[in-house]
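# Summary of structural features
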There are 2 protein chains.
Amino acid sequence: MKKKICIIGNRGHLNVVLDDLKNEPGYEITGVCGAKEIPAEKVANDCARALNYIPKIFEENYIEMLDSLKPDILVVCGPFEEHSSMIVEGLKRKIHVFSEKPAATSPEGLNELTCAVKDNPEVKVAQMCGPYYEAGMWTASKNLDAIGDIRLLNARKAYKLGSRPDYFRNRDTSSGLIPWVGIHAISWIYSFSGYTPFKTVFATHSTEFNHGYGDLEMTAACLFKFEKDIAATVSIDYLRPENPDFDHGDDWIRIVGTEGTIEATSKECQLTTRSSHETLSEKPPYGMFADFLRSIEGKESNATTGKDFLRVTQATLLARESADRSEAIEMSQIL
Amino acid sequence: MKKKICIIGNRGHLNVVLDDLKNEPGYEITGVCGAKEIPAEKVANDCARALNYIPKIFEENYIEMLDSLKPDILVVCGPFEEHSSMIVEGLKRKIHVFSEKPAATSPEGLNELTCAVKDNPEVKVAQMCGPYYEAGMWTASKNLDAIGDIRLLNARKAYKLGSRPDYFRNRDTSSGLIPWVGIHAISWIYSFSGYTPFKTVFATHSTEFNHGYGDLEMTAACLFKFEKDIAATVSIDYLRPENPDFDHGDDWIRIVGTEGTIEATSKECQLTTRSSHETLSEKPPYGMFADFLRSIEGKESNATTGKDFLRVTQATLLARESADRSEAIEMSQIL
């Protein structure tokens, strides 16, 4: 029997899920529902376009969907501010959850989520900002051993601003620049540090020159200290020039180790050691959702789940708070 | 009559001075002296090799040299921890001073220096980390208008560790990684921000994996907030791989404006706007010391003197202090 997947909403990267499902005959989408301004029918249409079948449609009541269909996996692409409560509802029912980032948009949401993860250690939860699903980043991860002990990381995530829906105008519904965009770069520095626990964060962000987008920050910068005296800078902006020759996002990381340096973009990775300088690029073997399915199946997987995805989420929320308060914040250990 | 230059020591970048002097027939080195472990004769030999004459030699007593030769310009390449007092002795005598960085290595030294600069506003002082003397950085400065209002900067300065004299082992004599190496990158972010006053700094540094070099930090990272909500990250390390294909230093800056982005290395500059993407490189018209001479002569010059070089020096010392204390530090306005 096929494993059952339910989907809430289609905000963000639902395409990642649908694309990977084309090659997963053992899974089936059994139900979809809308949320707030997202009509359930649109979610169903996305599924039909990708997979040629229409799952059962629930309007806005995802609880009813979960209780009646009892899926194995829940995909959360609803309003950002409802991610954490939607994930918690899945966890309570022992349903694995693959959620759009950020998994929580408030300290309270993160706290509830952490408790639910703790109470259900056998249930997998991941969010859509895993570190190793672009060729450059994947290749970097495969070559990390060549550069010795990791000491310093610099990451950047820059997006074109483009034209954005109204929910980006308000912190309550957008989550802000650091949790929505910066979380990718924060996920990279955390994983490339060897999943070393965060210790301290100082950050800053600014809404200046935001073209009337309300609360939305255009630029941010973070400095993270990890244990073992490892440090990382993160630069985040919506100021990538809207040049048609460039894609939407500018992803970059530099990883400095005791024996060499790696610089990676989404496409390729440059490895420099004492004796060599190479440009490498290898396609990651699994997409982000396929990799999450592997983690559920108990296979070797890079999906960051449990305390790792919670730490990344915590780091984004505390960076945002640090920027709001202009104070360095010590990070307590989550889980 | 030729203008007279005296030189203390030969630590650091004295070659910048000697190289530029080859094309300055209006200036002459009249005296040199040693300092601590630097013999005066070595300084004289450096001059002789570059300029084919041997100036008057004073052993260690630079005060005697200043009082007897009454130079127009003093070049300070002595022990780092004596820079500020040597500059102050020059200022008190109305002698223009071109000093190796950092101009001060302690808050007390910076304070004395600031008072002396304030009391002698007509006397020029600059330090050897001006921002626009590499092709890439110079070209960036010439194209800054194309990217609109500057909002975010990311800079990096990475050096090969190599083999270093003993004075690098001790904070008192090395000044530390941020003031000695980071100061270049801090000078870039300050000047490319449009000489916007610094507001806050948070930094971190680590002596881990320093090959027994005592106090010497191998890695550091800084986050600076400027006025106008401009932010900058700075990454500094001694971990550049000792690969013979690469030169000593890895210089890089990314400047994000409201209308475009510039990335520059020492060699070239990439300018990206909504409608173009170009790689540019133009040689700077003057060397660092020649440019300082222009500032003395009242000509148009990029040399950062007065409050600007003091602000850069202050920023390095407060970044180091922030890293020592693991606290964000508000920066008061110098001068």
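Residues numbered from 1 in each chain as written. Chains lettered and ligands numbered in written order. Predicted model: local features only at pLDDT ≥ 70, side-chain atom pairs only at ≥ 80, totals over all residues. Heavy atoms only, no water.

## Re the packing of helix 4 (residues 83-92) of chain B against helix 5 (residues 107-119) of chain B
All names here are of chain B. Counted only if it meets this: Interaxial angle, 0 to 180 degrees, is taken between N-to-C directions of lines fitted to C-alpha atoms, where a helix line uses only the stretch in contact. Strands are runs of DSSP state E lasting at least 2 residues, helices are runs of H or I lasting at least 4, and numbering of each runs from the N terminus. Between 65 and 115 degrees an angle is taken as roughly perpendicular, under 35 as roughly parallel, over 145 as roughly antiparallel, and anywhere else as oblique. Each crossing gets its handedness from the near helix: less than a right angle anticlockwise from the far helix is left-handed, clockwise is right-handed. By definition, residues are in contact when any of their heavy atoms lie within 4.5 Å. Ten residues, namely Ala, Val, Leu, Ile, Met, Phe, Trp, Tyr, Cys and Pro, are considered nonpolar, four, namely Asp, Glu, Lys and Arg, are considered charged, and the remaining ones, Gly among them, are considered polar.
Remark: helix 4 packs on helix 5, axes separated minimally by 9 Å, with the N-to-C direction vectors making an angle of 15°. Relative to helix 5, the element helix 4 lies roughly parallel. For the pair helix 4 and helix 5, the sense of crossing is left-handed. Of the residues in helix 5, those touching helix 4 at Ser84, Ile87, Val88 and Leu91 are Gly109, Glu112, Leu113, Ala116 and Val117. Partitioned by chemical class, the residues of the contact of helix 4 with helix 5 number 6 nonpolar, 2 polar and 1 charged.

## Side note on the sheet that holds strand 6 (residues 125-127) of chain B
All names here are of chain B. Just so we agree on the cut-off: Note on pairing: DSSP must find at least two bridges between two strands before they are called paired.
Taken together, 6 strands build an open sheet; the order of strands is 3-2-1-4-5-6 and the sheet is parallel. The sheet is open, and its two edges are formed by strand 3 (56-58) and strand 6, each paired on a single side. Taking the axes of each pair of neighbouring strands and ignoring which way they run, one obtains an average angle of 20° across the sheet. Both strand 2 (residues 27-33) and strand 3 contribute to a ladder of 3 bridges, which runs parallel. Bridging across to strand 3, Val32 finds its partner in Ile57.

## Here we look at the packing of helix 5 (residues 107-119) of chain A against helix 10 (residues 307-325) of chain A
For any two helices packed against each other, one specifies the crossing angle of their axes together with the interaxial distance. Residue and element names in this part refer to chain A. Where helix 5 contacts helix 10, the two axes come as close as 11 Å, and the packing angle between them is 170°. Between helix 5 and helix 10, the interaxial angle falls into the category roughly antiparallel. For the pair formed by helix 5 and helix 10, the contact residues are Pro107, Leu110, Leu113, Thr114 and Val117 on the first element and Phe309, Leu310, Thr313, Gln314 and Leu317 on the second. Residues of the contact of helix 5 with helix 10, tallied by class, amount to 7 nonpolar, 3 polar and no charged.

## So, the relation of the copies chain A and chain B
Between the two copies of the chain lies a rotation about an axis combined with a shift along it. Basically, it comes down to this: All copies are superposed by least squares; the fitting set is the C-alpha atoms of residues with a pLDDT of at least 70 in both.
Relative to chain B, chain A is turned by 180° and slid 0.0 Å along the rotation axis, the superposed coordinates differing by an RMSD of 0.0 Å. When the rotation and shift are considered jointly, the pair of chain copies conforms to a two-fold rotation axis.

## Some thoughts on the interface of chain A and chain B
The criterion, for reference: Here's the idea: put two parts together, see how much 1.4 Å probe accessible area each one loses, and the total over both is what we call buried area. What makes a salt bridge here is a side-chain nitrogen of Lys or Arg within 4 Å of a carboxyl oxygen of Asp or Glu, nothing more. Under this definition, polar contacts are N or O atom pairs within 3.5 Å; protein pairs additionally need one hydrogen-donor-capable and one acceptor-capable atom, and for neighbouring residues in sequence, both atoms have to be side-chain atoms.
Counting residues at the interface gives 52 residues for chain A, matched by 51 residues for chain B. Contact with chain B buries surface across chain A, with Phe202(A), Phe209(A) and Leu223(A) losing the most and accounting together for 14% of the total. Counting across the interface, chain A meets chain B through 4 salt bridges. Two residues, Asp237(A) and Arg254(B), come together in a salt bridge whose shortest N-O distance is 2.8 Å. The tally of links from chain A across to chain B stands at 17 residue pairs in polar contact (both at pLDDT 80 or more). Looking at the side of chain A that touches chain B, the elements with two or more residues in it are strand 7 (150-159), strand 8 (198-206), strand 9 (219-226), strand 10 (231-237), strand 11 (249-257), strand 12 (260-265) and strand 13 (269-273) of chain A. Among the residues making up the side of chain A that touches chain B, the classes are represented as 19 nonpolar, 19 polar and 14 charged.

## Observations regarding the environment of Leu51(A)
Residues and elements named next belong to chain A. Tracing the sequence through the fold places Leu51 in helix 2 (residues 40-51). Placed 33 residues apart in sequence, Leu51 and Leu18 show a C-alpha to C-alpha distance of 7.3 Å. If near-sequence neighbours (up to four positions away) are discounted, Leu51 is found in contact with Leu18, Leu21, Lys22 and Ile29.

## Here we look at the domain arrangement of chain A
Residue and element names in this part refer to chain A. As a reminder, the rule being used: Residue ranges for the domains trace back to a domain assignment, done automatically or taken from a database.
By domain assignment, chain A separates into domain 1 (3-127) and domain 2 (135-330). The distance between the C-alpha centroids of domain 1 and domain 2 comes to 24 Å. Around 2700 Å² of area is buried between domain 1 and domain 2 when both sides are counted, 72% of it from carbon and sulfur atoms. Linking domain 1 to domain 2 there are 0 salt bridges.

## A closer look at the side chain of Asn210(A)
Within the secondary structure layout, Asn210(A) lies in the loop between strand 8 and strand 9. Setting aside its immediate chain neighbours within four residues, Asn210(A) contacts Asp215(A), Leu216(A) and Met218(A).

## As for the pairing of strand 5 (residues 96-99) of chain B
Residue and element names in this part refer to chain B. Under the convention used in this document: Partly exposed describes any residue whose relative accessible area lies between the buried limit of under 20% and the exposed limit of over 50%, with all areas from a 1.4 Å probe on protein chains only and scaled to the type maximum. Look down the strands so they point away from you; if the path from the first strand over the helix to the second goes clockwise, the crossover is right-handed.
Here strand 5 shows a buried face lined by His96 and Phe98 and a second buried face lined by Val97 and Ser99. Pairing of strand 4 (residues 73-76) with strand 5, which is carried by 4 bridges, proceeds in the parallel orientation. Bridging across to strand 5, Val75 finds its partner in Phe98. Regarding topology, helix 4 serves as the crossover connection from strand 4 to the parallel strand 5, and that connection is right-handed.

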